[in-house]
Structures are given as structure tokens and as C-alpha cells.
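Geometric and topological summary
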Amino acid sequence: MSTVALITGAASGIGAAVARRLSGGGVKCVLVDLNGEGVERLAKEVDGAWLAGDVSTEEASLEAVALAEQRYGRLDLVHLNAGLGGGVDLADFDLARYRRVVGVNVDGVVFGVRASVPLLERSGGGAIVATASLAGLVGFSGDPIYTMTKHAVVGLVRALAEPLAERNIRIGAVCPGFTDTPLVADAREMFVNAGFPLLNVEDVAAAVETAFYAETPGTLLIVQPGRQPLPYRYAGVPGPAGGQRPPGAD
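Rules and cut-offs
Residues numbered from 1 in each chain as written. Predicted model: local features only at pLDDT ≥ 70, side-chain atom pairs only at ≥ 80, totals over all residues. Heavy atoms only, no water. Buried < 20%, exposed > 50% of the residue type's maximum accessible area, 1.4 Å probe, protein only. Helix = DSSP H or I, 4+ residues; strand = E, 2+ residues; numbered from the N terminus. Right-handed = clockwise from strand over helix to strand, strands pointing away. Pairing = 2+ DSSP bridges. Phe/Tyr/Trp six-rings, centres within 6.5 Å; stacked < 30°, edge-to-face > 60°. Core = buried A, V, L, I, M, F, W, Y, C linked by side-chain atoms within 4.5 Å. Contact = heavy atoms within 4.5 Å.

Looking at the pairing of strand β6 (residues 169-176)
For β6, the buried fraction is high: seven of the eight residues fall into the buried class. Viewed along the sheet, the connection from strand β5 (residues 126-131) through helix α5 (residues 144-165) into β6 turns out right-handed. Two strands pair when backbone bridges link them, and β6 and strand β7 (residues 220-223) are joined in this way by four bridges, in the parallel orientation. Residue pairing for β7: alanine 173 is matched across the bridge by leucine 220.

Now the structure itself:
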């Protein structure tokens, strides 16, 4: 019986690289992207199923999971990868852009988890990996709204790790540095001229596959050029004086 994966933001960049990597290993892929033409083209390349959908809506995730069940009868792996750069200036605030970024980067992950968990559970368990960012672990001043959304993704993954593990579902995240994708296309020349190395999407895809099978629930894998993926460790939160440590402090 083939393993089945659902990948959002799959028409290009990291999502497309993950689809190619997994399908090359015999995994059946269900691909979702707002770019219907692009996602259909990739689905034909990897012999998978596809859906043109906006992950900021709950319906897109529900339809994608239903497609996985209809086409393949199960779901084992979920890569919640769709994302947008912030580009929201707090001094010249664009409310519509703000809602769009939060909708894709945060709601898309929440809706994806909520929609996929029942089928993962019926399939005997599985794994969910969200694409976060180094900006989800540090205060990246270059894009505060994007940073906020990726911190939200990391927080959700950490908070869901234990309850999902009890249902035989692992959840984790990859936290790559700047990656050579359409998301950074406008700044690519600046990075190159500064001698700043960009990750390639194949390296991040390999880290996503590693994250699927991480033994520790809630694993956050840091991905940086020239390094092996490394689990991030929080220092922990001090408890009250003379008292017990608060839940989740480790």
C-alpha cells in the first residue's frame, strides 16, 4: 500500500521540491496551490492529484483531504507549506495585505491540521510538518508581520505535539533560513551581491522528509546552508520561586 502525502503551496519552491522528492520514493501526492495551472502541471509530472485552492479558506483544506481519501483511500503525510512574505509596513498599514498574509501563513496551517487529522487517524497515524522559518525562532526586524506568523506556526506545533502524539500523529516544523524561492526573488540579487548563501529547495525538501520521521514530537528543524538539519532547543521558562515549573516550560 502506497504512502500518501498532502502538500500545500506545491506549485513551486519548497512545496514542489518536496513533491518531487516524495514521489521519487514512491509516495502518492495530493498537491494544493492557488496557482491552478502550475499545480496541475506538477501533478502531471509526479503522477499525483491536484487542487487549485486558497488555503486561507477552510474549504480548501477540507476539499484537499477529501480528494486524498477519494483518490487514494488514506493519508499518511501532510506538508503545510503554503506561505507569503509579509511586506506589511506598520507605518503605512495595508489591512487587506495583513489579512492575506495572516490568512495564508497562520489560518492555512490551522485549517490544514484540523482537516487532515481525522483521515490521518483513520489511516493508522502519520505526520504533519509545517514550513516555519528562522523568523519563527528569532525577532527578524526586516519583516515583523511575517515573523509574527511564523512564531504562531512554531507555537501551534509545540502546543499540539503532545495531544497529537497520543493519536499516533507526529507534528513538527522546518525552520529554514533564506531559501532560493519565488518568495525572495525580488531580493535575490541583493543576497548574491552580498555573498550571502541561499538555501536551495532540495536541501529544505530533504529536511522536510527528515522531519516527517523525527522521533520527538514537536521537533523544530533548523535548516541552514552547508549544515545538517539541527533540532532547535528552547532554554525553558523559569517557574515561580519555590514552585513547580509551568506546563510546557521544558
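Further notes follow.
Description of the packing of aromatic side chains
Scanning all chains against the criterion turns up two aromatic pairs. Taking 5.4 Å as the distance between ring centres and 50 degrees as the angle between the ring planes, the aromatic pair formed by phenylalanine 93 and tyrosine 98 counts as tilted. Residue class for phenylalanine 93 comes out partly exposed when judged on its relative accessible area of 38%. For tyrosine 98, a relative accessible area of 19% corresponds to the buried category. Seen in terms of ring centroids, tyrosine 232 and tyrosine 234 are 5.0 Å apart; in terms of plane orientation they differ by 90 degrees. Their pairing is edge-to-face. Residue tyrosine 232 is classed as partly exposed on the basis of its relative accessible area of 29%.

Quick word on the environment of leucine 199
By the element assignment, leucine 199 lies in the loop between α6 (188-193) and α7 (201-212). Taking the C-alpha atoms as reference points, leucine 199 and proline 176, 23 residues apart in sequence, are found 7.9 Å from one another.

Some remarks on the nonpolar core
Counting residues in hydrophobic clusters, the biggest one holds 37 residues, and the most contacted among them are Leu6, Leu75, Val78, Val113, Ile128, Ile171 and Leu220. It is helix α4 (residues 95-122) that provides the largest number of residues to this core, a total of seven residues. Contact partners of isoleucine 171, with chain neighbours within four places excluded, come to Val113, Ile128, Val157, Leu160, Ala161, Leu164, Pro217, Gly218 and Thr219. With 30 residues, the next largest nonpolar core counts Val18, Leu22, Val174 and Leu199 among its residues.

Interpretation note: all reported values are geometric properties and have no functional meaning in isolation.
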